[in-house]
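Spelled out from the first residue to the last, the chains are:
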Amino acid sequence: MTTMKESRDRGFLLQIATVNSKTAKEGQRASAMAARKRGASKQPPPPTESHPKTSESTATSTDPQITPSKPSKIIFFSSIFFLPYLYLIFYHYRIETELKKSILINASLSFAGFFITLMMIPVASRYVLKRNLFGYDINKKGTPQGLVKVPESLGIVVGTVFLVVAILFQYFNFTSDSNWLVEYNAALASICFMILLGFVDDVLDIPWRVKLLLPSIAALPLLMAYAGHTTIMIPKPLVQYNWNRNLGSRMDL
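Criteria and cut-off values
Residues numbered from 1 in each chain as written. Predicted model: local features only at pLDDT ≥ 70, side-chain atom pairs only at ≥ 80, totals over all residues. Heavy atoms only, no water. Helix = DSSP H or I, 4+ residues; strand = E, 2+ residues; numbered from the N terminus. Buried < 20%, exposed > 50% of the residue type's maximum accessible area, 1.4 Å probe, protein only. Contact = heavy atoms within 4.5 Å. Areas by Shrake-Rupley, 256 points an atom, 1.4 Å probe, with all protein chains shown as cover. Expected span 1.5 Å × (residues − 1). Salt bridge = Lys/Arg side-chain N within 4 Å of Asp/Glu carboxyl O. Phe/Tyr/Trp six-rings, centres within 6.5 Å; stacked < 30°, edge-to-face > 60°. Lys NZ or Arg CZ within 6 Å of the ring centre and 35° of its normal. Patch = residues over 30% accessible without salt bridge, like charges linked within 9 Å, V, L, I, M, F, W, Y side chains within 5 Å.

S.K.: Mind showing me how you'd approach the overall build of the chain here?
M.R.: Across its full length, the chain carries nine helices and four strands. Taking all 253 residues of the chain together, 17% fall into the buried category. Considering only contacts within the chain whose residues lie at least 6 apart along the sequence, 51% involve residues at least 24 apart. By element, 65% of the accessible surface of the chain is carried by carbon and sulfur atoms, the whole surface being about 20,800 Å².

In structure tokens form, the structure reads like this:
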């Protein structure tokens, strides 16, 4: 009897110990979970990546891909068009030496200006895009190419290179007593004014009433410096309406 009673007591004690160990383990787990929750609440939320919502925003954020120039093709086609022209000038026809020299200088400066323009356009397009001077090709609307930014105001590059080439040509070709010097400089002033007007129009969007007036003012230096003939030929149907019969088919402005 004593042995059976002792075995019962031992079994009862083992059950109590097992229950206590399970309770302790569950308490440790609960405390660990609570600690993890408190630590997670103190940590800042992870940064959320801003993904584009639509394909349109992705396309508009991409810069336009400027197609690189192809000098080999340019030289090939230029030689096809200009070699016959150079042959006629330098070999077929008898032209003065000074005129040949002037033509050669002009051709060399023009080729140099052309390649400088090809190199400057991609550089200028990056600066123009930084200033948000761009547009979209409306003829490609609804396509991926229609969402590409097209840089504007790149005519300033072509105009500036043209002015530099024209000034250098004046330096190499004209002399101090040249009769065309005044008219040449007046033409450069008119061209410079129109280049400035075009750039300002791209930036400020000048109204049409102003754009119709300013070209007339830009042409004044050339008109005032012109010293040639001002006679025009009157069309034959209008000769009978000429107020001065002595002039015939000509009229001096």
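Once you've had a look at it, read on.
S.K.: Explain helix α5 (residues 155-173) to me, please; I cannot follow it from the model alone.
M.R.: For an α-helix, the turn length of 3.6 residues means that residues three or four places apart are oriented alike. End to end, α5 covers 27 Å across 19 residues, agreeing with the expected 27 Å (1.5 Å per residue, within 8%). Among the structural elements, α4 (97-130) and α6 (181-204) are those in contact with the buried residues of α5.

S.K.: Explain the pattern of salt bridges to me, please; I cannot follow it from the model alone.
M.R.: Any two side chains of opposite charge can pair, given that their charged atoms come close. Applying the stated criterion across every chain yields a total of one salt bridge. Close ionic contact of Lys211 with Asp201 constitutes a salt bridge, the shortest N to O distance being 3.4 Å. Taken as a pair, Lys211 in helix α7 (residues 208-218) and Asp201 in helix α6 lie far apart in primary sequence, ten residues in all. Both residues of the pair, Lys211 and Asp201, belong to the buried class.

S.K.: What am I meant to see in α6 here?
M.R.: Along its 24 residues, α6 runs 34 Å from first to last C-alpha, staying within 8% of the 34 Å computed at 1.5 Å per residue. Taken together, the buried positions of α6 are Glu183, Tyr184, Ala186, Leu188, Ser190, Ile195, Leu197 and Asp201. Packing partners of the buried residues in α6 comprise α5, α7 and α8 (220-225). Positive backbone phi, approximately 55°, marks Asp205, located one or two places after α6.

S.K.: In this structure, what is going on with the packing of aromatic side chains? I would like to understand it.
M.R.: Any two aromatic rings considered together are summarised by their centre-to-centre distance and by the angle between their planes. One pass over the full model with this rule turns up six aromatic pairs. Aromatic pair Phe82 and Phe111: ring centres 5.8 Å apart, planes at 65°, arrangement edge-to-face. In this pair, Phe82 is assigned in helix α3 (residues 71-92) and Phe111 in helix α4, connecting sequence segments 29 residues apart. Assessed through its relative accessible area of 40%, Phe82 is described here as partly exposed. A relative accessible area of 36% places Phe111 in the partly exposed class. Taking 6.2 Å as the distance between ring centres and 25° as the angle between the ring planes, the aromatic pair formed by Tyr87 and Tyr91 counts as stacked. Of this pair, Tyr87 and Tyr91 both sit in helix α3, four residues apart, which is roughly one turn of that helix. The exposure class of Tyr87 is partly exposed, given its relative accessible area of 48%. Accessibility expressed as a relative area gives 68% for Tyr91, which makes it exposed. Taking the ring centre of Phe134 as reference, the NZ or CZ of Lys149 above it sits at 4.8 Å.

S.K.: Just to check I follow, could you spell out a nonpolar patch on the surface for this structure?
M.R.: Residues Phe76, Phe77, Ile80, Phe81, Phe82, Leu83, Tyr85, Leu86 and Phe111 make up a contiguous nonpolar surface patch of about 940 Å² in total accessible area. The dominant element in the nonpolar patch, judged by the number of residues it contributes, is α3, at eight residues. Within the secondary structure, Phe81 sits in helix α3. Among the residues examined, Phe81 registers a relative accessible area of 62% and is labelled exposed.

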